[in-house]
Amino acid sequence: MMRKTKYSWGAFVRRGSKWENTAAENARMLPKAMHEERKKQEAKRRGKLKTVAGKLLKAMANGKEAAEGKAGSEDVAGNLLKMATSRKKEKRETPAEEIICRCIEEGKFLEACDHIFDLEQSGSTGVGKSESLYTLLAERMWTVVEEAFNGTGTISLEALQSVGESLKWQKQKEMEWLGSGQEMESVSTWSPNFWRKDLEEKLIHHMTAQIPLLGSSSNTDETALKQHLSQLETVFLPSLEHRSGVFKEAGLLVNYARCCHTSLSSHLSTLTDNNHFSFSQGLLVYGWGLKMYKSGSETCLRPRQTPQHNLSLGVQYLVWIILKIEEKLLAVARKEVGKALREAFDIGKPPCTDAAVIQILTEKMEATWRVSESLSEKVEAVCLEECLSFLASYENEVRSFFQLDGCLGIGSSLRILENCCILRTIWHKLTYICSASTGQDVKVNGFLDRMEDEITEYFLQTVTSKVKGSLKDHFKKFDSGFDHILESLKQSFLAFGKKKTEVYKALVMAVNAIIITEYMQALLTTSRKPSSVQRRRIIGKIEEDHRMLQTVFKVCLGPAAGPLKDPIKAILELIQTSDAEGMKIALLPILKEFPYLSTLGQAQCLPLSALGAACSQMLINMVCNFVRY
């Protein structure tokens, strides 16, 4: 019978060699296969524990143990390994660090949390160790999450569930601390409080890496964008949905879904944040998001059950994404409409057609109408608002030109007037397409009326000044420039695109009246007693000028030029007669038909009561002077 011997723990350590002999004898008593298997398992477990212990030592490098030097660290690692392999050591005597490392390695994260927390509450030394252990625990949990997402490794569902339970544990501890009046600083800096944020950041990183690349580097390639959105729908989202099952079973579906939404929203924002992002591209992205919302597909982006009292997280996020894209889309629409209006109505360029501008505006409305009726209404409102904004800026731009002397010539003035006509036509067409308010209609018509009145006045003043200057010595010089003024007016009127408008007709007739008036004024101030040579030259010039005037205004007005009458022809017939008394009698009906002739000449300095008589006498004297010679 074998003798039974008792050893204390100290004696056992001192007699290590004897223990080794006894272990060797016992080992020989086991079957050889079992012995080999145990050696493999023991070596494997020692390797894993050594890795965890190494990480722990590295994480605790800034703690108290690191100060003991390299030898001390090696002793701690050796002690951890020796204690882990000692099968006869009682559980209550196992160091807390070893238990925690073993829990972390085995994926028992919730159990590790409890042990670390107990160590943390044990005193100042435990606090320093606990932070390093929390760091080690978090690293291992994120490795489990990464492998679960990528489908790699041999991570068990229990380990992933333990991650979810650890997050719940953190939340519970945080609430307990806040309820107990714990200092806010210590609560806010507690390492586990950052777990949820760290977890979601890592998940978002992994999800973003799975997003397909945009097939084209071109910023305006709509075909590539359509293909990319199709890949998101057929590849990326289904892959997220496929992976969501394991996270749901682990109690992490809310975190997982939030990361799905964030990664998708961030990607769509990247697509729509491009400086070259066009309205049509934005509409493609918006339509895709709306399609995902309306599809009713049961994905992690739209949970299967929607609580009646509140929108589910998935629906909320999809609505948020759509609204963000809509906001950018409307901003792009405003930018493009404003740019199109500025380019179309550049004062220094020929006017565009109203049809071209209407097409720019309506094509956006029609495109959005096919996607969303509510979005189309918002785009309509943006177009109307941008038209109002442009009119206000255009009015200020025109007034600034007025302040620069000589900046606007005859051609520029007519272009602005034509632009006003085009803008009025555009607005009327828009009000049939869109629902413009009464206030908007009043504002637009007010802008246009003011601009038309101001530019018309400026234009007529410019014409008067130029005609007056060219006629100053017209009957004394061979070339006074009067014919160049007429040609310039003709070309400018012919370039006016809105010839059928009342504004155009009134403008041409007003210019005709100005020229006739100034011409008669110049004729009255010619030499009182011309020689026969001067008389023939003046008469020839009048005949030539009259033909030119008739030609210009017939070309500019077309059939409407018929009713235009001028006194030049009648005066020309009078000054060529040889009967002075008959001429005086024939002059009276001319003055009656053209009463403004009575206000011409130097008689403007006389009182109003004598003005008409004096001017009429001047006309009579002028004609008589021509007759005498």
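Residues numbered from 1 in each chain as written. Predicted model: local features only at pLDDT ≥ 70, side-chain atom pairs only at ≥ 80, totals over all residues. Heavy atoms only, no water.

Novice: Can you walk me through the overall build of the protein chain in this structure?
Specialist: Along its length, the protein chain carries 24 helices and 0 strands. With 629 residues in all, the protein chain has 41% of them scored as buried. For the protein chain, long-range pairs separated by at least 24 residues make up 72% of all intrachain contacts whose partners lie at least 6 apart in sequence. (Helix = DSSP H or I, 4+ residues; strand = E, 2+ residues; numbered from the N terminus. Buried < 20%, exposed > 50% of the residue type's maximum accessible area, 1.4 Å probe, protein only. Contact = heavy atoms within 4.5 Å.)

Novice: Even after reading the chapter, I still don't get the environment of Met 292, so can you show me in this structure?
Specialist: As for its position among the elements, Met 292 is in helix 13 (residues 279-294). Apart from the residues lying within four places of it in its own chain, the contact partners of Met 292 are Glu 233, Leu 237 and Leu 318.

Novice: Got a minute to help me understand the packing of helix 8 (residues 157-179) against helix 10 (residues 195-209) in this structure?
Specialist: Helix-helix packing is described using two parameters, namely the angle between the two axes and the distance between the axes. In the contact formed by helix 8 and helix 10, the axes pass within 10 Å of each other and the chain directions differ by 145 degrees. In contact with Ser 166, Leu 167, Trp 169, Gln 170 and Lys 171 of helix 8, helix 10 contributes Trp 195, Arg 196 and Leu 199. (Axes fitted to C-alpha atoms, helices over the stretch in contact; angles between N-to-C directions.)

Novice: I keep staring at the packing of aromatic side chains and nothing clicks. Help me out?
Specialist: Two aromatic rings, taken as a pair, are described by how far apart their centres are and by the angle between their planes. For the structure shown, the criterion picks out 13 aromatic pairs. The interplanar angle of 25 degrees and the centroid separation of 5.4 Å between the aromatic rings of Phe 390 and Tyr 394 together place this pair among those described as stacked. Within this pair, Phe 390 and its partner Tyr 394 are both found in helix 16 (residues 373-403), separated by 4 residues, close to a single helical turn. Like Tyr 394, Phe 390 is buried. Pairing Phe 482 with Tyr 519 gives two aromatic rings, centres 5.8 Å apart and planes at 45 degrees, and the pair type is tilted. Residue Phe 482 is located in helix 19 (residues 482-495), and its partner Tyr 519 is located in helix 20 (residues 502-524); the two are separated by 37 residues in the primary sequence. (Phe/Tyr/Trp six-rings, centres within 6.5 Å; stacked < 30°, edge-to-face > 60°.)

Novice: Just to check I follow, could you spell out the pattern of salt bridges for this structure?
Specialist: Pairing is possible between side chains of opposite charge, provided their charged atoms come close. Applying the stated criterion to the full structure yields 18 salt bridges. A salt bridge links Lys 173 to Glu 176; its shortest N-O distance comes to 3.8 Å. In this pair, Lys 173 and Glu 176 both sit in helix 8, 3 residues apart, roughly one turn of the helix. A relative accessible area of 14% places Lys 173 in the buried class. Between Asp 354 and Lys 429 there is a salt bridge; the shortest N-O distance is 2.9 Å. Residue Asp 354 is found in helix 15 (residues 354-371), and its partner Lys 429 is found in helix 17 (residues 410-433); the two are separated by 75 residues along the sequence. (Salt bridge = Lys/Arg side-chain N within 4 Å of Asp/Glu carboxyl O.)

Novice: What's the story with the confidence of the model for the protein chain in this structure? I'm lost.
Specialist: Interpretation of the predicted coordinates at a detailed level should be avoided for regions scoring low in pLDDT. Here the protein chain averages 75 in pLDDT, and 69% of its residues register 70 or above. Element-level pLDDT for the protein chain is lowest in helix 1 (residues 9-14), with a mean of 34, against a maximum mean of 93 in helix 10. Overall, residues 59-93 carries pLDDT values under 50, and its contacts beyond four positions in sequence, including any with other chains, amount to 32 contacts. Scored below 50 in pLDDT, residues 602-615 shows 16 contacts in the model against residues more than four places distant or in partner chains. (pLDDT = per-residue confidence, 0-100.)

Novice: How should the side chain of His 206 be read in this particular structure?
Specialist: Note that His 206 resides in helix 10. Those residues in contact with His 206, other than ones at most four positions away along the chain, are Glu 146 and Phe 149.

Novice: For this particular structure, what's the right way to read the packing of helix 21 (residues 532-557) against helix 22 (residues 568-575)?
Specialist: Between helix 21 and helix 22, the least distance of the axes is 10 Å, while the angle of their chain directions is 155 degrees. One finds that helix 21 runs roughly antiparallel with respect to helix 22. The crossing of helix 21 and helix 22 is left-handed. In this structure, helix 21 contributes Arg 535, Ile 539, Ile 542, Glu 543, His 546 and Leu 549 to the contact, and helix 22 contributes Ile 568, Lys 569, Leu 572 and Ile 575. Looking at the contact of helix 21 with helix 22, its residues break down into 6 nonpolar, 1 polar and 3 charged. (Parallel < 35°, antiparallel > 145°, perpendicular 65-115°, else oblique. Left-handed = near helix turned anticlockwise from the far one by under 90°. Nonpolar A, V, L, I, M, F, W, Y, C, P; charged D, E, K, R; others polar.)

Novice: It is not clear to me how the environment of Leu 253 should be interpreted in this structure. Could you clarify?
Specialist: Structurally, the position occupied by Leu 253 is in helix 12 (residues 253-272). According to the relative accessible area criterion, Leu 253 is partly exposed, its value standing at 31%. If sequence neighbours within four positions are ignored, Leu 253 has contacts with Ser 244, Phe 247 and Lys 248.

Novice: Looking at this structure, I do not really get the environment of Leu 237. What am I missing?
Specialist: Within the fold, Leu 237 resides in helix 11 (residues 222-249). Here the alpha-carbon distance between Leu 237 and Ile 211, two residues 26 residues apart in the chain, equals 9.1 Å.

Novice: It is not clear to me how the side chain of Glu 452 should be interpreted in this structure. Could you clarify?
Specialist: Structurally, the position occupied by Glu 452 is in helix 18 (residues 438-471). When its relative accessible area of 12% is taken as the criterion, Glu 452 is described as buried. A polar contact of 3.1 Å, which involves the side chain of Glu 452, links it to the side chain of Arg 424. Discounting residues that sit within four places of it in the chain, Glu 452 has contacts with Leu 417, Cys 420, Cys 421, Arg 424 and Val 503. (Polar contact = N/O pair within 3.5 Å; in protein donor to acceptor, adjacent residues only side chain to side chain.)

Novice: Looking at this structure, I do not really get the state of the cysteines. What am I missing?
Specialist: Disulfides are covalent bonds that link the sulfur atoms of two cysteine residues. Counted according to the given criterion, the structure contains 0 disulfides. The structure places no disulfide on Cys 103, whose sulfur is separated from the nearest cysteine sulfur, that of Cys 101, by 9.3 Å. (Disulfide = S-S within 2.5 Å.)

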